[in-house]
2 protein chains.
Amino acid sequence: MATGRTHRPATRSRGIPEATVARLPLYLRALTALSERSVPTVSSEELAAAAGVNSAKLRKDFSYLGSYGTRGVGYDVEYLVYQISRELGLTQDWPVVIVGIGNLGAALANYGGFASRGFRVAALIDADPAMAGRPVAGMPVQHTDDLERIIQADRVSIGVIATPAGAAQQVCDRLVAAGVTSILNFAPTVLSVPDGVDVRKVDLSIELQILAFHEQRKAGEEPGGVGAARTADAAPAAGSGAAAQAAAPPAPHAAEDTLRKGPDGDMPAVMPA
Amino acid sequence: MATGRTHRPATRSRGIPEATVARLPLYLRALTALSERSVPTVSSEELAAAAGVNSAKLRKDFSYLGSYGTRGVGYDVEYLVYQISRELGLTQDWPVVIVGIGNLGAALANYGGFASRGFRVAALIDADPAMAGRPVAGMPVQHTDDLERIIQADRVSIGVIATPAGAAQQVCDRLVAAGVTSILNFAPTVLSVPDGVDVRKVDLSIELQILAFHEQRKAGEEPGGVGAARTADAAPAAGSGAAAQAAAPPAPHAAEDTLRKGPDGDMPAVMPA
DNA sequence: CGTTGTGAACTCTTTCACAGCC
DNA sequence: GGCTGTGAAAGAGTTCACAACG
């Protein structure tokens, strides 16, 4: 029960669905690009294409914000940029601290996409005394000892954790205790936080694993592929002696005799070894 | 129409729901940790806590894989690690190339989480001739000119794009032409790819923007907050002279008189300036 | 017992399709 | 005529709650 929540559970904050909120930054990016090219108006179809979604979804999304378009014409680019920015809270300044200035932390510190939205890197913090004072992205790295002071001095409410997994929970606790209420976590750990604190996580290896899953399905007959020659979903539930797992690992407690009823299960139609 | 798809649209590949696939890596991580501590079995409740989800969801997820648990006991840790790894395709070796060796690319190259799963960094590629040959993460950076050769020589099917936004689509096209069918995109652009190619994207600033949205809602009365003193959802739809947007930007085409019917709209109950 | 596996209910999200308006 | 805004339908995903089973 004391485990880190990641979203906010039910409470679709103020009527805008989470799924929509997650797409607003996408629209904003596309709109910003149009704005830079001085395009005055855009249709849902065009904007949707630029953002990589379909137009019905986009219109539905915008309908939660209000009626900001003009029938027969489209949306006023500048106006929409403003409305979405406001909705996302980007019209105000968000000081952010980055904790853990390794490769990733440095990359984040240098990332232009923050500053261009309402985010301002207030401080870079690292536990390594050797890092202290060293400039990264034109900014001196500060020591973890000063974490609380920095958070409070600058009224920082958003923290980015880019430390190794082992340090993440501890850093998280200190950030929260010092007043941070939103955390972006790059460490591969589940953080537990008190109610009222939001955590979002970005896990690089998870994304790759999801790709690998789909990749495996595409490559029906790659070298060494376990599940070669899948037969769609023909057999109702893999009949005969199931426990035949190739060079398989630890058998389950109930050993060789148990029939594992995996949907298409362990047995490739043709088994390599 | 020619815009990059990001998931695979409908086709819940081989019966396992996308949402479940996206959580398998989480379970795998938790299980790996248990395995290292030589824990033999685990209940859905415990494992769910470790993975940061609830136990009903976890059981449902596992039910798509098969019946791998024992009632009254729980799941065999080692066995589950194997089953999930296999399902995700991590029992085979996935060579990966990283294109764009800036701060982020270097961070990715150094990231241990790849190697520990089935991923092997086959090459680091950058367009800057000055980078060529320089070692990053114990590996010489290679020039973009060799991209096609590298992909083909190593039969790479997964590419990671960590270039600036401007170069991303071009790099993507070359990767795809050379045979890559899964792309993890860190550049803040919508990539367009042919059918059959999967793209997942990670956008650092999007995550922050989502946090800012929720943060804005929490901080009812922060300094300068536009939406201070929200009254839940009292007023049916903001009555009087709507167009009062603080120091607001470009009015829409239909100017000051239009009543924008945004759900709670532009007017703070008390307006700062 | 305790814990899994899963139908059934529910909630959230997407898509359709068209009325309403410019 | 063209395009938005939105009800209504369809589809995914989550949660409930309990029968089944070791």
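Residues numbered from 1 in each chain as written. Chains lettered and ligands numbered in written order. Predicted model: local features only at pLDDT ≥ 70, side-chain atom pairs only at ≥ 80, totals over all residues. Heavy atoms only, no water.

Going by this rule: UniProt positions are given in the numbering used here, feature names are shortened, and annotations may be inferred rather than shown by experiment.
For chain A, the name recorded in an unreviewed UniProt entry is Redox-sensing transcriptional repressor Rex, with Streptomyces laurentii as its organism. The record held by UniProt for chain A lists under Function (unreviewed entry) the comment "Modulates transcription in response to changes in cellular NADH/NAD(+) redox state." In its Sequence similarities (unreviewed entry) section, UniProt records this for chain A: "Belongs to the transcriptional regulatory Rex family."

Description of the protein's contact with DNA strand D
Counted only if it meets this: One heavy atom suffices: a residue is near a molecule or strand as soon as one of its heavy atoms comes within 4 Å of it. Any pair of nitrogen or oxygen atoms within 3.5 Å is treated as a polar contact; in protein, a donor-acceptor pairing is required on top of that, and neighbouring residues in sequence qualify only through side-chain atoms on both sides. The helix and strand labels rest on DSSP assignments: H or I over at least four residues marks a helix, E over at least two residues marks a strand, and numbering proceeds from the N terminus. Side-chain classes follow a simple rule in which Ala, Val, Leu, Ile, Met, Phe, Trp, Tyr, Cys and Pro form the nonpolar group, Asp, Glu, Lys and Arg form the charged group, and the remainder, Gly included, forms the polar group.
For DNA strand D, the set of nearby residues contains 26 residues, the closest of which are A:Ser44, A:Gly69, A:Tyr75, B:Arg23 and B:Asn54. Sugar plus phosphate, as a fraction of atoms of DNA strand D within 4 Å of the protein: 65%. B:Arg23 is positioned with one of its side-chain polar atoms (N or O) 2.8 Å from a phosphate oxygen of DNA strand D. Contributions of two or more residues to the surface near DNA strand D are made by helix H3 (55–65), strand E2 (69–70) and strand E3 (74–76) of chain A together with helix H1 (18–36) and helix H3 (55–65) of chain B. Of the residues assigned to the surface near DNA strand D, the class counts are five nonpolar, ten polar and eleven charged.

Considerations on the protein's contact with DNA strand C
Neighbouring residues of DNA strand C: 26 residues in total, closest A:Arg23, A:Asn54, B:Ser44, B:Arg71 and B:Tyr75. Protein-adjacent atoms of DNA strand C, using a 4 Å cutoff, are sugar or phosphate at a proportion of 63%. Note that a phosphate oxygen of DNA strand C is positioned 2.7 Å from one of the side-chain N or O atoms of A:Arg23. Within the side chain of B:Arg59, a nitrogen or oxygen atom sits 2.9 Å from a base nitrogen of DNA strand C. Where the surface near DNA strand C is concerned, the elements lending two or more residues are helix H1 (18–36) and H3 of chain A together with H3, strand E2 (69–70) and strand E3 (74–76) of chain B. For the surface near DNA strand C, the class distribution of residues is five nonpolar, ten polar and eleven charged.

What to know about the nonpolar core
In plain terms, the rule: Side-chain atoms within 4.5 Å link the members of a nonpolar core, which is a set of buried Ala, Val, Leu, Ile, Met, Phe, Trp, Tyr and Cys residues. Only protein chains enter the accessibility calculation, which uses a 1.4 Å probe; a residue is then buried when its area is under 20% of its type maximum, exposed when over 50%, and partly exposed in between. Any two residues having at least one pair of non-hydrogen atoms within 4.5 Å are treated as being in contact.
Membership of the largest hydrophobic core comes to 110 residues, with the highest contact counts inside it found for A:Ile84 and B:Ile84. The residues touching B:Ile84, leaving out its near neighbours within four places in the chain, are B:Leu24, B:Tyr27, B:Leu28, B:Leu31, B:Phe62 and B:Leu65.

With respect to the sheet that holds E2(A)
Residue and element names in this part refer to chain A. The condition is simple: Two strands qualify as a pair provided DSSP detects at least 2 bridges between them.
Taken together, three strands build an open sheet; the order of strands is E1-E3-E2 and the sheet is antiparallel. Of all strands in the sheet, those bounded by a partner on one side alone are strand E1 (41–42) and E2. Pairing of E1 with E3, which is carried by two bridges, proceeds in the antiparallel orientation. Its bridge partner lying in E3, Val-42 is registered against Tyr-75.

Here's the deal with the packing of helix H5 (residues 103–110) of chain A against helix H5 (residues 103–110) of chain B
Rule in force here: Note on method: axes are straight lines fitted to C-alpha atoms, helices fitted across the in-contact stretch only, with angles between N-to-C directions ranging 0 to 180 degrees. These descriptions rest on fixed angle ranges, namely under 35 degrees for roughly parallel, over 145 for roughly antiparallel, 65 to 115 for roughly perpendicular, and the rest for oblique. In this scheme, a crossing is called left-handed if the near helix is turned counterclockwise away from the far one by less than a right angle; it is called right-handed if the turn is clockwise.
It is at 8 Å that the axes of H5(A) and H5(B) come closest, and there the two elements cross at 160 degrees. Taken together, the axes of H5(A) and H5(B) are roughly antiparallel relative to one another. Seen from above, H5(A) lies across H5(B) with left-handed handedness. Between H5(A), through A:Asn103, A:Leu104, A:Ala106, A:Ala107 and A:Asn110, and H5(B), the contact on the second element is made entirely by B:Asn103, B:Leu104, B:Ala106, B:Ala107 and B:Asn110. Looking at the contact of H5(A) with H5(B) residue by residue, the class counts come to six nonpolar, four polar and no charged.

Re the UniProt feature "DNA-binding region" (unreviewed entry) in chain A
Residues given the UniProt feature "DNA-binding region" (unreviewed entry) here are residues 26–65 of chain A. The distance from the first to the last C-alpha atom of residues 26–65 of chain A is 15 Å, and the span holds 75% helix and 5% strand.

Side note on helix H2 (residues 44–51) of chain B
All names here are of chain B. Our working rule: Of all possible arcs, the one meant is that of the directions from the helix axis to the C-beta atoms.
Three or more residues of H2 are buried, namely Ser-44, Leu-47, Ala-48 and Ala-51. The buried residues of H2 occupy an angular sector of 100 degrees when the element is viewed end-on, so they sit on one face. Buried-residue contacts for H2 involve H1, strand E1 (41–42), H3, E3 and helix H4 (77–88). At the C-terminal side of H2, Gly-52 shows a positive phi close to 80 degrees.

Details of the sheet that holds E1(B)
All names here are of chain B. Pairing is antiparallel across the open sheet formed by three strands, whose spatial order is E1-E3-E2. The sheet terminates laterally at E1 and E2, the two strands that pair on one side only. Here E2 runs beside E3; their pairing, made up of two bridges, is antiparallel. Paired with Thr-70 across the strands is Gly-74, a residue of E3.

A short note on the pairing of strand E9 (residues 182–185) of chain A
Residue and element names in this part refer to chain A. Here E9 shows two buried faces, one formed by Ser-182 and Leu-184 and the other by Ile-183 and Asn-185. Pairing geometry for strand E8 (residues 158–161) and E9, over four bridges, is parallel. Along E9, the bridge assignment pairs Ile-158 with Ser-182. Strand direction decides the pairing type here: E9 and strand E10 (residues 198–201), joined by four bridges, are parallel. Looking across to E10, one finds that Leu-184 is bridged to Arg-200.

Quick word on unusual backbone geometry
Non-glycine residue A:Arg155 carries a positive phi angle of around 50 degrees. Residue placement: A:Arg155 occurs in the loop between helix H7 (147–154) and E8. Overall, the relative accessible area of 56% leaves A:Arg155 in the exposed class. Of note in this structure, B:Ala137 is not a glycine but carries a positive phi near 50 degrees.

Some points on the packing of aromatic side chains
Residues and elements named next belong to chain A. Rule in force here: Any two of the Phe, Tyr and Trp rings considered here, Trp counted by its six-membered ring, make a pair once their centres fall within 6.5 Å; the pair's planes then place it as stacked at under 30 degrees, edge-to-face at over 60, or tilted in between. Over a ring means this: the NZ of a Lys or the CZ of an Arg is within 6 Å of the ring centre and within 35 degrees of the ring normal.
Throughout the structure, instances matching the rule amount to eight aromatic pairs over all chains. Residues Tyr-27 and Phe-62 carry aromatic rings whose centres are separated by 5.1 Å and whose planes lie at 80 degrees to one another, so their mutual orientation is edge-to-face. Taken together, the residues Tyr-27 in helix H1 and Phe-62 in helix H3 connect sequence positions 35 residues apart. Of the two residues, Tyr-27 and Phe-62, neither departs from the other in class, the shared state being buried. Aromatic pair Tyr-68 and Tyr-79: ring centres 5.6 Å apart, planes at 90 degrees, arrangement edge-to-face. With Tyr-68 in the loop between H3 and E2 and Tyr-79 in helix H4 (residues 77–88), the pair connects residues that are eleven residues apart, well separated along the chain. Of the two residues, Tyr-68 and Tyr-79, both sit in the buried class. Aromatic ring contacts, followed pair by pair, group Tyr-27, Phe-62 and Tyr-75 into a single cluster. One residue, Arg-217, lies across the ring of Phe-213, its end atom 4.4 Å from the ring centre.

A look at the pattern of salt bridges
Residue and element names in this part refer to chain A. Selection rule: When a carboxyl oxygen of Asp or Glu is within 4 Å of a side-chain nitrogen of Lys or Arg, the pair counts as a salt bridge.
Evaluated as defined, the whole model comprises 20 salt bridges over all chains. When the shortest N-O distance is used, the salt bridge between Arg-174 and Glu-148 registers 2.8 Å. Placement of Arg-174 in helix H8 (residues 165–178) and of Glu-148 in helix H7 is noted, with a sequence separation of 26 residues between them. Residues joined by salt bridges that share partners form a network here, namely Asp-93, Arg-120 and Asp-154.

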